[in-house]
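Here are the chains, one letter per residue:
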Amino acid sequence: MPNRLLELYRRMRRWPGGAWLFSRAVCFRAPYFSSIAPRVAVLEPCRCEAVMEHRRRVTNHLGTVHAIALCNLAELAAGLMAEASLPAGMRWIPRGMTVEYLRKARGTMRAVAVPAFEPHEAAEGYELPVDVTITAPDGETVFRARIAMWVSPRRDQPKWTSS
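Residues numbered from 1 in each chain as written. Predicted model: local features only at pLDDT ≥ 70, side-chain atom pairs only at ≥ 80, totals over all residues. Heavy atoms only, no water.

### Side note on the pattern of salt bridges
Okay, so step 1: Under the defined criterion, the tally for this structure stands at 7 salt bridges.
Okay, so step 2: With its nearest N and O atoms 2.7 Å apart, the salt bridge here joins Glu49 to Arg110. Of this pair, Glu49 sits in strand 2 (residues 47–52) while Arg110 sits in strand 4 (residues 109–115); the two residues are 61 residues apart in sequence, bridging distant segments of the chain.
Okay, so step 3: For Glu49, a relative accessible area of 11% gives the class buried.
Okay, so step 4: Overall, the relative accessible area of 31% leaves Arg110 in the partly exposed class.
Okay, so step 5: Of the charged contacts, one joins Arg144 and Glu100 as a salt bridge, the two residues approaching to 3.1 Å between their closest N and O atoms. (Salt bridge = Lys/Arg side-chain N within 4 Å of Asp/Glu carboxyl O. Helix = DSSP H or I, 4+ residues; strand = E, 2+ residues; numbered from the N terminus. Buried < 20%, exposed > 50% of the residue type's maximum accessible area, 1.4 Å probe, protein only.)

### Overview of a nonpolar patch on the surface
Okay, so step 1: Together, Trp15, Trp20 and Leu21 line one region of the surface with nonpolar side chains, adding up to about 330 Å² of accessible area.
Okay, so step 2: With respect to the helices, strands and loops of the structure, Trp20 is situated in helix 2 (residues 18–29). (Patch = residues over 30% accessible without salt bridge, like charges linked within 9 Å, V, L, I, M, F, W, Y side chains within 5 Å. Areas by Shrake-Rupley, 256 points an atom, 1.4 Å probe, with all protein chains shown as cover.)

### Considering helix 3 (residues 67–85)
Okay, so step 1: Taking 1.5 Å of rise per residue, 19 residues should cover 27 Å, and helix 3 covers 27 Å from first to last C-alpha, within 8% of that figure.
Okay, so step 2: Here helix 3 lies mainly inside the structure; 16 of its 19 residues are buried. (Expected span 1.5 Å × (residues − 1).)

### Considering the packing of helix 1 (residues 4–13) against helix 2
Okay, so step 1: One can describe the packing of helix 1 onto helix 2 by two numbers: an axis separation of 7 Å at closest approach and a directional angle of 145°. For the crossing formed where helix 1 meets helix 2, the hand is right-handed. On the side of helix 1, the interface is formed by Leu5, Leu8, Tyr9, Met12 and Arg13, while helix 2 contributes Gly18, Ala19, Leu21 and Phe22.
Okay, so step 2: Of the residues that constitute the contact of helix 1 with helix 2, the class distribution is 7 nonpolar, 1 polar and 1 charged. (Axes fitted to C-alpha atoms, helices over the stretch in contact; angles between N-to-C directions. Left-handed = near helix turned anticlockwise from the far one by under 90°. Contact = heavy atoms within 4.5 Å. Nonpolar A, V, L, I, M, F, W, Y, C, P; charged D, E, K, R; others polar.)

### Some details on the packing of aromatic side chains
When we look at a pair of aromatic rings, we describe it by the centre distance and by the angle of the planes.
Okay, so step 1: Enumeration over the complete set of coordinates arrives at 3 aromatic pairs.
Okay, so step 2: Relative to Tyr126, the ring of Phe117 lies with its centre 6.2 Å away and its plane at 35°, an arrangement referred to as tilted.
Okay, so step 3: Residue class for Phe117 comes out partly exposed when judged on its relative accessible area of 34%.
Okay, so step 4: Its end group placed over the ring of Trp150, Arg95 keeps NZ or CZ at 3.9 Å from the ring centre. (Phe/Tyr/Trp six-rings, centres within 6.5 Å; stacked < 30°, edge-to-face > 60°. Lys NZ or Arg CZ within 6 Å of the ring centre and 35° of its normal.)

### Notes on the environment of Arg39
Okay, so step 1: Mapped onto the secondary structure, Arg39 falls in strand 1 (residues 39–44).
Okay, so step 2: In this structure, the C-alpha to C-alpha distance between Arg39 and Glu53, residues 14 residues apart in sequence, is 8.8 Å.
Okay, so step 3: Aside from chain neighbours lying at most four places away, what touches Arg39 is Ser23, Glu49, Ala50 and Val51.

### Remarks on the sheet that holds strand 2
Okay, so step 1: Within the open sheet, the 6 strands sit side by side as 1-2-4-5-6-3. Their pairing is antiparallel. Each having just a single partner strand, strand 1 and strand 3 (90–101) make up the two edges of the open sheet. Each strand axis lies, on average, 20° off the axis of its neighbour in the sheet, ignoring direction.
Okay, so step 2: As paired strands, strand 1 and strand 2 are joined by 5 bridges and run antiparallel to one another. Following the sheet pairing, Glu44 is matched in strand 2 by Arg47. (Pairing = 2+ DSSP bridges.)

Okay, here's the thing in structure tokens:
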């Protein structure tokens, strides 16, 4: 069965302004993420790349990107990657996050989320570690996270629809 979120992403990317519109739709579905105004750059099974511009609303008192804004970007990328990668009969929820702040974050941040192993169908729940690396415009890593996703059999219907 095709992944509905992935189908929607691929279809919308073909439209003029479709990438922006898809990113806005994600923020409409999960409003808290709109605080960082993310843009989904790449979404495919087992990989998501999301970008966040350095704007005043994500800036801390030091003039750098706020630590929690980086956490939000990491969680967004990991969540979209999980949703686009899981079999239709499975669902996910973040259970925990371990982060490392490696250097001051300035400029447009790019998050790349990949799972530690390929998600699979299972009768029981399991933990799926997702690694997220956030880089600055110069390509240097400024932030790393490992997000523990709890993956379990779905009891309801998928929330993303392609029609």
